[in-house]
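Per-entry structural report
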Amino acid sequence: MLRSKISIVAALAAGLLMFGQPVFSADEHGVAAASTKVEHQTAAVAYEKEATDLRLKAEKHMKESKHYKSGGNPKVPTDQIARHCESLSKQYSDAAKENDALAKLHRDMAAMVAK
């Protein structure tokens, strides 16, 4: 059971990296080597923090999109910039969801690991 959970974590992390989502390095938080309850809890907190940061970035880009949509400068391609901001917002939001999923998996693994 634990091996399948670890495989899922690895697959999710690989998917995030393959699709170019803005995600931090597993080694940055020692996630790759998590094996104890405390390490998995620490990894979960790190992923939750990253998810929060990513959501803030998504909100920022959505606000920028609204700003550009309301602009009326004919010399600036505001519609293109607005679409760009919306795309970034979606990518950050999707990455936040993936980080939430990884946090949950680490919390589940922490519950299964002996102290």
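Quick look at the structure, then. (Residues numbered from 1 in each chain as written. Predicted model: local features only at pLDDT ≥ 70, side-chain atom pairs only at ≥ 80, totals over all residues. Heavy atoms only, no water.)

1. Digging into the overall build of the protein
The helix and strand tally for the protein stands at three helices and zero strands. Overall, the protein shows an N-to-C arrangement of helices and strands of α-α-α. The 115 residues of the protein split such that 30% are buried. (Helix = DSSP H or I, 4+ residues; strand = E, 2+ residues; numbered from the N terminus. Buried < 20%, exposed > 50% of the residue type's maximum accessible area, 1.4 Å probe, protein only.)

2. Here we look at helix α2 (residues 37-70)
Here α2 is 34 residues long and its end C-alpha atoms lie 50 Å apart, about the 50 Å a rise of 1.5 Å per residue gives. Those residues of α2 that fall on the buried side of the exposure criterion are H40, A43, A44, A46, Y47, E50, A51, L54, A58, H61 and S65. Those residues of α2 that are buried are in contact with α3 (78-112). (Expected span 1.5 Å × (residues − 1). Contact = heavy atoms within 4.5 Å.)

3. Considerations on the nonpolar core
A51, L54, A58, Y92, A95 and A96 together form the largest nonpolar core, which totals six residues. Listed by contribution, the elements that provide at least two residues to this core are α2 and α3. (Core = buried A, V, L, I, M, F, W, Y, C linked by side-chain atoms within 4.5 Å.)

Any functional reading would require information that these geometric values do not contain.
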